[in-house]
Amino acid sequence: MMTSTTPESKEGKRKGKIRLWAVLVWLAVWQLVSMWIGQEILLVSPVTVVCTVVKLAATAEFWLSIASSMIRIVGGFLLGVILGVVLAGLSAASVRLREFLLPFIVTVKSIPVASFVILVLIWVSSRNLSVLISFLMVFPVIYTNVLDGISQVDRKLLEMARVFEIPFGRQLRSIYVSQVLPYFRAGCSLALGLCWKAGVAAEVIGIPQNSIGENLYNAKIYLDTPALFAWTLVIICISVLFEKGFLKAIGYCVRRLEQRG
Amino acid sequence: MPEIINISKSYGEHRVLEQFSLHIQEGETTCIMGRSGCGKTTLLRILMGLETADEGETGGLPSMKKSAVFQEDRLCENLSAMANIRLTCPERTAEEIRNEMKKIDLGGCENQPAHELSGGMRRRVALLRALLAPCQILFLDEPFKGLDDETRRKTIAYTKEACRGRTVLFVTHDEKEAELMGAAKVVSLDEG
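Residues numbered from 1 in each chain as written. Chains lettered and ligands numbered in written order. Predicted model: local features only at pLDDT ≥ 70, side-chain atom pairs only at ≥ 80, totals over all residues. Heavy atoms only, no water.

Participant: Whenever I open this one, the packing of helix H6 (residues 113-123) of chain A against helix H9 (residues 168-206) of chain A confuses me. Can you help?
Facilitator: Residue and element names in this part refer to chain A. Interhelical geometry of H6 versus H9 gives an angle of 50° and a closest axis separation of 10 Å. In terms of axis orientation, H6 runs oblique to H9. You can see that H6 and H9 cross each other, and the crossing is right-handed. Between H6, through Val-113, Val-117 and Leu-121, and H9, the contact on the second element is made entirely by Ala-198, Ala-202, Ile-205 and Gly-206. Looking at the contact of H6 with H9, its residues break down into six nonpolar, one polar and no charged. (Axes fitted to C-alpha atoms, helices over the stretch in contact; angles between N-to-C directions. Helix = DSSP H or I, 4+ residues; strand = E, 2+ residues; numbered from the N terminus. Parallel < 35°, antiparallel > 145°, perpendicular 65-115°, else oblique. Left-handed = near helix turned anticlockwise from the far one by under 90°. Contact = heavy atoms within 4.5 Å. Nonpolar A, V, L, I, M, F, W, Y, C, P; charged D, E, K, R; others polar.)

Participant: Would you explain the sheet that holds strand E3 (residues 29-33) of chain B in this entry?
Facilitator: Sheets are built from strands that pair by backbone hydrogen bonding, the pairs being arranged parallel or antiparallel. Residue and element names in this part refer to chain B. Spatial strand order, E5-E6-E7-E3-E8: five strands in an open sheet with parallel pairing. Of all strands in the sheet, those bounded by a partner on one side alone are strand E5 (66-69) and strand E8 (185-188). Between one strand and the next, the sheet's axes are offset by a mean angle of 15°, whatever the strand orientation. Bridge analysis of strand E6 (residues 137-141) against strand E7 (residues 168-172) gives four bridges, and the strand direction is parallel. Opposite Leu-140, over in E7, you have Phe-170 as the bridge partner. (Pairing = 2+ DSSP bridges.)

Participant: Just checking my understanding: could you explain the packing of helix H4 (residues 119-132) of chain B against helix H5 (residues 149-162) of chain B for this structure?
Facilitator: The angle between the axes and the distance between the axes are what describe a pair of packed helices. Residue and element names in this part refer to chain B. At their nearest, the axes of H4 and H5 sit 11 Å apart, and the two run at 5° to each other. Taken together, the axis directions place H4 and H5 in an arrangement best described as roughly parallel. On H5, the residues that touch Arg-124, Leu-127, Leu-128, Leu-131 and Leu-132 of H4 are Thr-151, Thr-155, Tyr-158, Thr-159 and Ala-162. Taken together, the residues of the contact of H4 with H5 break down into six nonpolar, three polar and one charged.

Participant: Help me understand the pairing of E7 of chain B in this model?
Facilitator: Along any regular strand, the residues point their side chains to alternate faces of the sheet. All names here are of chain B. The buried fraction of E7 is high, at five of five residues. The side-chain alternation of E7 yields two buried faces, one formed by Val-168, Phe-170 and Thr-172 and the other by Leu-169 and Val-171. Pairing of E3 with E7, which is carried by five bridges, proceeds in the parallel orientation. Each bridged residue has a counterpart across the sheet, and for Thr-29 the counterpart in E7 is Val-168. (Buried < 20%, exposed > 50% of the residue type's maximum accessible area, 1.4 Å probe, protein only.)

Participant: Would you take a moment to explain the packing of aromatic side chains for this structure?
Facilitator: Think of a pair of aromatic rings as described by two things: how far the centres are apart, and how the planes are tilted against each other in angle. Residues and elements named next belong to chain A. Scanning the entire structure with this criterion turns up eleven aromatic pairs over all chains. Seen from their ring centres, Trp-30 and Phe-229 are 5.7 Å apart, and the 35° between their planes marks the pair as tilted. Here Phe-229 lies in helix H11 (residues 225-260) and Trp-30 lies in helix H2 (residues 20-37), a separation of 199 residues in the sequence. Taking relative accessible area as the criterion, Phe-229 reaches 25% and is therefore assigned partly exposed. Judged by centre distance (6.2 Å) and plane angle (55°), the rings of Phe-168 and Tyr-176 are tilted. Put simply, the rings of Phe-104, Phe-135, Phe-139 and Tyr-143 touch in pairs and so form one group of aromatic residues. (Phe/Tyr/Trp six-rings, centres within 6.5 Å; stacked < 30°, edge-to-face > 60°.)

Participant: Looking at this structure, how should I read the sheet that holds strand E4 (residues 55-59) of chain B?
Facilitator: Residue and element names in this part refer to chain B. Strand order in the open sheet made by the three strands is E2-E1-E4, with antiparallel pairing throughout. On the outer flanks of this sheet lie strand E2 (14-23) and E4, each paired with one strand and no other. On average, each strand axis in the sheet is tilted by 25° relative to the strand beside it, whichever way the strands run. This element, helix H1 (residues 40-47), spans strand E1 (3-11), E2 and E4 of the sheet and lies at about 120° to E1.

Right, here's the structure in full:
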């Protein structure tokens, strides 16, 4: 049973897939440039970065920082997803609510992250800063995408449901979920990248204790380039793994919902 | 008893239905015939409550539980054939549905998603979805469209049997189909 109404073609999958050879070539280029410069403070080599990650991973602070940053950023992300989906659903049913939310959405989308961070620091403690920033990055994206998805649901299927008097819960599971899913997935994919970037940026400015942002800030202060690169690599890995895991979990939940009919 | 009285419908300057009246016999199949574009589908859409007539009444129809085969299949593409059918009749068991599917040569494709089915299979899934749904009136808009001769003959025989004793409004432009369905009443929409 398929979960998406827009099955990706083999060609499309090929185009979007990162090839190992391309990664290796880029790593080789990086290594060569680093060796050519010869100053690790300016450009650290990939080998040193990996060694630094391994060294950091042996400490408890490393895992504590990852856990506390992850809880906050993912917390903000989930809050944005839940509120975005619920309000998009309600907005699809109420023009007034849609009109009411539009100025907020447009404003949040246009304000630079740095402005938000500084402004929000006045209102909340630096500890919770990344939750709010992550939420503010995710909410408009999810809201807009899900609302677009709902507006694109096949009217003919809705007419069919009306004639057969299919209860709303069943319509939601069988018609809406699968038709809105591609929009939701695209929104999540974009929002996940944004929330990690903005969340860590907020931590670098707010410097909450035991966070990835604090470690990045310290690396900058002490000109510890290997640590800076190592933490960046860690952020990329967490972001990619979380995105893959989350989208897989969504796919699984949708399949279960559709099977319930 | 459903009664259609003096229904008229226009789209801009184009008059599609002009003072059309029909008495639908309960427990019988009423066939509406007419050339393409004469307003058959518009009439069904009004009777199904999807459009409103400019004039006239559809007495008794709004409160009736309806089932329909639309001109297009209107299947949920990501759902399996079985899930599409169960959408309108969740009270039926999978075994029951599987047995009915076999009768119109849909056996073995229960778990195939709609987007993987052929045109003829999709049409039969849409037909079965309508036939198995509990209803007081059944609308069939060109239900055998796109079926090859052999499948059409078999599907018509199955549909005729399934429609026995039910109130059915069957729309077609094919005289042979109307005859094979054994309609109690045939009305030509061309004549108004």
